[in-house]
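Remarks on the overall topology
These are the residues of each chain, in order.
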Amino acid sequence: MAMSLDLNLFSVPTLQTDEGQHDAFEHLNEVLDVSHIEDVVCDLLSKPGLFVYILSVFPDAAFLRTKILDAFPTDPQVLQQSFVPPLLSTISSFFFSIPSDTFHGDESRTIGRYERYNADVWPAMAVLSSIAFETAAPRRSRNAGFKERKTAHDFTALRKLNIQPPTDSSIAMRALGDVVDVVLQMMKFYLALSADPRFMDRCMDVYFGASGERDAYEDSGDVLPLACTQTHHLEATLAASDIDRFGEWTILMASNATKDLLQLRRRDAKMAECVLKRIRYAPLNPLQEDRSKRSLVDNFQEATFQEIIPEHFTGRRTNPGNANEDVIKYQIDCVLDDEGQVERQEVVKIYGIYPHKQLDHIWPWLSRLLSGRGKVYQQRCTLREFAKVGGGVYRPATFPPRREEFTTDQSPVFVHDDGTNEDHSWLISSKCVKLSKAYLNGLIAEQEVELPFQLTRKEWQIVQCPTSCYVIGRSGTGKTTAMVFKMLGIHRAWEQVSDVRKPRQLFVTRFPVLAAKVNEFFTSLVESLALAGRTRDELRELRSQVRNAEHQESPMMNPMNALNYRPGTPQKYSELTDHDFPLFITFDQVDDLKEYDCPIDSKECARLKFILDRVVNDESSFVTYSAFRSHYWPRLCATSRSPLACSFGPWLVFSEFMGVIKGSEAAFHSPNGILDRHTYVNLSTRTYPVFAGDRHSLYSAFELYSQLKREKYAYDMADRTYAILKALSCNPLKGQPVDYLYVDEVQDNLIIDTILLRILCQNADGLFWAGDTAQTISAGSSFRFAELKAFIHRTEEARNMAIQKSHRKPELFDLPVNYRSHRGIVNCAQVVVKLVTDFWPDSIDTLQPERAIFGGPKPVFFAGWPNESFPFEPASRELGAEQCILVRDNTVREQIRKRFGDVAVILTLEASKGLEFDDVFLYNFFEDPIAASLQWHIVSMAHGDRDVLLSRDMGRSPHTVLCTELKNLYVGITRARKKLYLLDHSEKSEPMRELWSKKDLIDVAPPGTNICQYADKSTPRQWAAAGHKLFNACQFQEAVHCFERANLPKQLRIAQAYGLYEIANSTVESSERQRAFLDAAVAFVQCADEALGTEKKGFFRQAAECYASADDATMAAELYVAASDFAGAAEQYRKAGCFDELVQILDRHPTEITGSYRNKMLYICVVYYSRNGLRPPIPLFSSTDIELAFLESQGLNEERIDLLESLGRFLEAAEVHLAVGQRCGAIESLLKDQQNLGALQRAVDLALESLWQECSFDQPVQAILKNRRSEAYKVLNCLQAIPLERLEISKTGQIRFFRAVQQSPFSEEVYQLGEEFSNRGEEAMALMAFNVLSSQLAALHSADAAAFDNFLRRFERYVRLLTSIVTDEIPFRATDPEVMKVFGIIPSTHHNYSVIAGTFLHKQFEHNRYLPAEINGVLKAWLQTHLRKKFEDENDVSRISLAFSTQCPYSIMHGSHRGRQQCNQQHERGLYSNAASYNMKINLLLQQIRISDLVFSAVGNRGDF
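Everything in this summary refers to the structure shown in the same document. Note that the coordinates shown come from a computational prediction; the quantities given were computed from them, not determined experimentally.

**Concerning the overall build of the protein**
A tally of helices and strands in the protein yields 65 helices and 29 strands. Within the protein, the proportion of its 1505 residues that are buried is 53%. Considering only contacts within the protein whose residues lie at least 6 apart along the sequence, 72% involve residues at least 24 apart. Split by element, the accessible area of the protein, about 67,400 Å² in all, is 50% carbon and sulfur.

**Let's talk about the sheet that holds strand β14 (residues 583-586)**
Read across the open sheet, the six strands follow the order β14-β13-β17-β18-β12-β19; overall the sheet is parallel. Single-partner strands in this sheet number two, and they are β14 and β19 (811-815). Between one strand and the next, the sheet's axes are offset by a mean angle of 15 degrees, whatever the strand orientation. Bridge count for strand β13 (residues 505-509) against strand β17 (residues 740-743) is four bridges, and the pairing is parallel. What sits directly across from glutamine 505, in β17, is tyrosine 740.

**Description of the pattern of salt bridges**
Applying the stated criterion across every chain, the model contains 55 salt bridges. For glutamate 446, the salt bridge goes to arginine 547, with nearest N and O atoms at 2.7 Å. Remark: arginine 547 occurs in helix α24 (residues 536-550) and glutamate 446 occurs in the loop between α20 (437-444) and α21 (457-464); sequence separation between them is 101 residues. Relative accessible area serves as the criterion here: at 2%, glutamate 446 is assigned to the buried category. By relative accessible area, which is 38% here, arginine 547 ends up partly exposed. Among the salt bridges present, the one from arginine 1045 reaches glutamate 1044, with a minimum N-O distance of 3.3 Å. Shared partners join several salt bridges into a network, and the residues in it are Arg820, Glu882, Glu916, Asp918, Arg977, Lys978 and Lys1029.

**What to know about the nonpolar core**
In this structure, Leu966, Leu969, Met992 and Trp996 are the most contacted members of the largest nonpolar core, which totals 112 residues. The element best represented in this core is helix α36 (residues 823-839), accounting for nine residues. Counting residues in each nonpolar core, the second largest holds 84 residues, with Leu1240, Val1275, Leu1327 and Leu1494 among its members.

**Side note on unusual backbone geometry**
A cis amide bond, omega -5 degrees, links phenylalanine 581 with the succeeding residue proline 582. Tracing the backbone shows proline 582 in the loop between α24 and β14. With a phi angle near 50 degrees, tyrosine 713 is a residue other than glycine that sits in the positive phi range. Secondary-structure assignment places tyrosine 713 in the loop between α32 (695-711) and β16 (715-716). Look at aspartate 1368: it is not a glycine, yet its phi comes out positive at around 65 degrees. With respect to the helices, strands and loops of the structure, aspartate 1368 is situated in the loop between α61 (1345-1366) and α62 (1377-1383).

**Things to note about helix α27 (residues 625-639)**
Helix length check: α27, at 15 residues, gives a terminal C-alpha distance of 19 Å against a target of 21 Å (1.5 Å per residue), a fit within 8%. The sharpest bend along α27 comes to roughly 45 degrees, located at tyrosine 632, with the proline proline 634 sitting one to four residues further on. Buried residues of α27: Tyr625, Ala627, Phe628, Tyr632, Trp633 and Leu636, and no others.

**Comments concerning the packing of helix α47 (residues 1113-1122) against helix α48 (residues 1126-1136)**
Taken N-terminus to C-terminus, the directions of α47 and α48 make an angle of 160 degrees; their axes are 8 Å apart at the nearest point. In terms of axis orientation, α47 runs roughly antiparallel to α48. Both α47 and α48 take part in a crossing whose hand is left-handed. Note on element contacts: α48 touches α47 through Phe1126, Gly1128, Ala1129, Gln1132, Tyr1133, Lys1135 and Ala1136, opposite Ala1113, Thr1114, Ala1116, Ala1117, Glu1118, Tyr1120 and Val1121.

**A few points about the sheet that holds strand β23 (residues 883-887)**
Taken together, the six strands give an open sheet; going across it, the order is β24-β23-β25-β26-β22-β27, and neighbouring strands pair in parallel fashion. Looking at the sheet topology across the chains shown, the edges are occupied by β24 (905-908) and β27 (1003-1004). Two elements, β23 and strand β25 (residues 917-923), share four bridges in a ladder whose sense is parallel. The residue bridging cysteine 884 from the neighbouring strand is valine 920, located in β25.

**Looking at the packing of aromatic side chains**
For the coordinates displayed, the defined rule picks out 54 aromatic pairs. Arranged with centres 6.1 Å apart and planes meeting at 90 degrees, the rings of phenylalanine 1372 and phenylalanine 1383 form a pair that is edge-to-face. Separated by 11 residues along the polypeptide, phenylalanine 1372 in the loop between α61 and α62 and phenylalanine 1383 in helix α62 bring together distant segments of the chain. As far as the burial class goes, phenylalanine 1372 and phenylalanine 1383 line up, both buried. Among the aromatic residues, those joined into a ring-pair cluster are Tyr625, Phe628, Tyr632, Trp633, Phe654, Phe657, Tyr680, Tyr699, Phe702 and Tyr705. Directly above the aromatic system of tyrosine 680 lies the positively charged group of arginine 695, at a separation of 5.4 Å from the ring centroid. A cation sits over an aromatic face here: lysine 726 above phenylalanine 668, 5.6 Å from the ring centre.

**Notes on the pairing of β24**
With burial as the criterion, each face of β24 is covered, one bearing Val905 and Leu907 and the other bearing Ile906 and Thr908. Across four bridges, β23 lies against β24 in parallel orientation. Across the sheet, residue valine 887 finds its bridge partner in β24, namely threonine 908. For the handedness criterion, the β-α-β arrangement of β23, helix α37 (residues 890-900) and β24 is classed as right-handed.

**Points about a nonpolar patch on the surface**
Taken together, the side chains of Tyr1478, Ile1482, Leu1485, Leu1486 and Ile1489 make up a nonpolar region of the molecular surface, amounting to roughly 440 Å² of accessible area. Secondary-structure assignment places tyrosine 1478 in helix α65 (residues 1475-1499). With a relative accessible area of 46%, tyrosine 1478 lands in the partly exposed category.

Criteria and cut-off values
Residues numbered from 1 in each chain as written. Predicted model: local features only at pLDDT ≥ 70, side-chain atom pairs only at ≥ 80, totals over all residues. Heavy atoms only, no water. Helix = DSSP H or I, 4+ residues; strand = E, 2+ residues; numbered from the N terminus. Buried < 20%, exposed > 50% of the residue type's maximum accessible area, 1.4 Å probe, protein only. Contact = heavy atoms within 4.5 Å. Areas by Shrake-Rupley, 256 points an atom, 1.4 Å probe, with all protein chains shown as cover. Pairing = 2+ DSSP bridges. Axes fitted to C-alpha atoms, helices over the stretch in contact; angles between N-to-C directions. Salt bridge = Lys/Arg side-chain N within 4 Å of Asp/Glu carboxyl O. Core = buried A, V, L, I, M, F, W, Y, C linked by side-chain atoms within 4.5 Å. Expected span 1.5 Å × (residues − 1). Bend = angle between axes of the 7 residues up to and from the residue. Parallel < 35°, antiparallel > 145°, perpendicular 65-115°, else oblique. Left-handed = near helix turned anticlockwise from the far one by under 90°. Phe/Tyr/Trp six-rings, centres within 6.5 Å; stacked < 30°, edge-to-face > 60°. Lys NZ or Arg CZ within 6 Å of the ring centre and 35° of its normal. Right-handed = clockwise from strand over helix to strand, strands pointing away. Patch = residues over 30% accessible without salt bridge, like charges linked within 9 Å, V, L, I, M, F, W, Y side chains within 5 Å.

Right, dumping it as structure tokens:
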């Protein structure tokens, strides 16, 4: 039996005593055993602070958390009404109120995101539910398309969660499922966090403090200083927590050593501990031969050592000199200290644990590689200082910083006697991390850690820079690394200093993949450093999680559908809180955040409203470069008169549009943000050289582009940024500015984009701009760092920008050392950069010559093969996993594959962005038609005597296209890490080949050389790694190539399926698109057949989506069922019209379908079977009452009415009709019950009520009754077959009256009905009939005397009745039911009355609320006015009527009258030739006199008229 929670036992005074707390917890356990957890949670939430207190303090809180998770409702509709929303609101608010520095790792940012997500998710779920479980609506609404339904829902809530508005119910259902998963994830996160002992005191304070006056979640509101202002040595915070047991010496662990130690720890924890103990002794006494063995090699003999693991540590016997004996390989090294200010010989660098036999060649090789760092470095490493005089223990030495040297030409590749190669580049390039507490705790948890590694002196200078800085570096020089470490240092400073505000750090880049990688790297650093504070119990729990994850195969998820947002990411910039930072986003996301905070109010900014509205509400109209190339460029080429613009290609043209005409500094200061033709034509040719020779025609092409864009209601990147900037000039920045701004790859932005970014940062010394203008890969970018620096300075100086100016000059750093590629590749790329620098100095930043840290082979140039085919022998072996062929476009790639088969990974230059390979074969780069042979031949003069002359002319078209080509060439070269092969048969390649050859930077392969001799052989594991890398980069075709060679058929088929899916999505023609989706669907089904569990369902679901996109709804439905997505199946069966199959689903899966899904399917089936007059193969409901209840809950009124009528329950059916406003339907239902007199009376009452509402007194009754669209017409038509003899005489008379008026309002029948009404005392009805007759006045102008006489007799009857009512001769109260009906009076509240809108009385007054006496007076007064008005109208008609006119005297005397058309008198001869006609005229006059006397007696004297 359920128990209620006695909250009195949980009062604050009670819980503050041990006995009271014990009793309360015992009571809670009893209630949990017998009651529903939902009720218990709701009771705990009813007292502020009690729930979080119980979660943290209750001894059985783990059991409580388990019960809460078990009761979590997965049905979206049930979830919204459950205990979950208030629970999440309470616990989320609690954790959000805790200072950020209390949390570990990324917990603070997660809490901030979840707090906002919790606030936004419930309105979004309501919108999704309304679409997914959409109830019945009128037929037009049900059949309306998405555009019509869109207005019925507020999609703002969905946009806050970055959910696209669903186009149908199945998509909405899937979106609901994803949202429910996130809510469950939130619940698990908070419940797990509540178990942390860190928060126990705060939980107690919240509840015990809730009884006082203060709010537990109240923010003090104090403005705290930034952490960086309280820390003198920011860079020191990068150091991991030290450990005491290693003395003065610092141990650095190379990545291989970390890998070896982690594997050893997983195999044998005790042995790993022994190794760590031995590492401790490594630097202390290296001369004792029984404990270590020293290696002396060349002139670097004392710098490296090898350490044997002795027998008593390993527990296994060893033989001296055993070649398989494991040894620790380490070096005494000199590195900068943790502050980057002093170089110390205090480092023992551990390279790894290896068998002794591997060291014979490694040491000599390492010594030669390190010798390139200079003699000073060697001397410092070999110096030894004893800790004590005469002692045997050494201490580290200290030196001033030295200038770093990298002069070795030694290749890191060692060639064995058997010809095999062994790459030792990792010995130099390996990132070394400090052996710290965080490192050791990571080993205990058996978790891979990401800790801060050693920085170079230049990188330390960047991290320590106290001002804003500009960092320029070529590919692989460490720009992003320095940026992340500076962010980490500031973040760590805040964590270690109390009472300071959390710094808001914002990282921005153009590329989502880069933003995600940097975010992941930073988060890993923070979480790994946080391991130092973990307890032993927490580390054991982490180890358990790691071990469980090892046995689970990572599913291959679709990288194209990766979520581009985190739960809780705000929609507006103003909604960002400290918990959201550090924030890593793209520039497009920055724009999205600002767009919602840019209302356009003033007239000055109103013209920009259209752009911002499109930005917010229609992302599909955004013109990207891809959209420009596909939809605009063909039109420009077909229409533009400039062959030059077309010959330059879409990339250069779009870049000129965006980067110069719209996105430059000059454009920003121009009206509308666009350069006019005159300004553009007169721009400096040196600064903007590309189209300098034909700017007029280029501008004409731009005008055509602008026109096409307007026709499509589209906008581009420059439009968006300019609109936001102008909106910010009208309205100040909403939200708190950031403290530090980091922009990576800044060269890929427009110059005006940097203004927007600069406005976001309030700290003039907190700007970090990094990039390389030699790697411009985004269309539209067109500036150098020098220009950016000057532009930012001018922007800060401008008063109208209101940007804080720094009093310190920003620093400029260049990073010339390439850590990715060796010297052979770097030198080759440097020549390309130098060409750009020499000939186009204003298009690239001039840096120190780029250099590598070790030597390597020269690139090999293949040229001179006899034909244009690839120099590859079909019978030879294929290229390896880390070897790639780069080509210009997909056409060339397919040509190679067609001729030689699938022999290598082949990528286009564009697809290779962001990827790196050991060996790169750059194929036919110079064959591109954009750059002509003449342009490339100019390069051959670069090493001659005409450099100066050429540099003057290179800034002009058409040579400027070569500048872009050289930058692309640089990008292609720098994709290689180890070897580069250039293959080109084009004559255009000769100038570059000669230039490289003259500088001895390449080796030229002899003619006929087969590139297969350079092919590497890769292991299956290497092929698998390459396949996953390419798969995650969405290069599915190349991933297939790798998985095939890795002998991974499952992964191969998955990549093939996603490749087909990608092809289908990019196909435009409908029939081809349909076939492509069918092919992809078949492939996904095959993947599903090989998969298990959730992965299997995922593939079935992907296949179902493909079939749905191919319009094969039946197959889609079957696969949705296989994926357990019954909502999707229902939607597809509905589209296919297979409702019998849908009924089978309901019957076969009763327990697998939640209430919401089942109701949706039932809804679809009921509608179909009911409206088509069919019966389902299986009954949908177990009883009629259940069916009726379902129909009512789903709003299926038509189906409900049909069912009730089929059961003979006509009265209930009529009530349903009335409930939805269908009065005619109600009348028809009632009239079907012919034997029920009560039903007949009810139908007549409804009909008359409806008729009188429209046809009240003085309304155009006949016009209303003849209008087929009017309700009165429809109602009267329903009464055609009604048996009048069964009705009361009054109701019969009313029905006859309306019928008569509909047929002929001036007929004798209407007059007789009026007399009948009057004789029965129904004066209101009689008045209504006579008033209808009086409306005949307009037609009496040409009536003869007899017709007018008939009218006057009826009108006199009407006047007499009105006069009797006005003079109170006849009782006529406005509150009588009959009078109220005729005059549209209805009872209101508190004995008041009101008048129906549009009636005789309503239109006369402003207010509409009367007491009984007031409504009586109002009615009498206006009837008197009405009488007077009617008489005046009748009198006016009489004056001009022919019936009252006399014979024209002129006509009598002369026989005719020429002006008879203007004469109102009669001209017929013999008008009064007999007594009858004369008496008729006199009678008309007497009747008019009688009517006048009646009116005067009632409404005043004759003089009043």
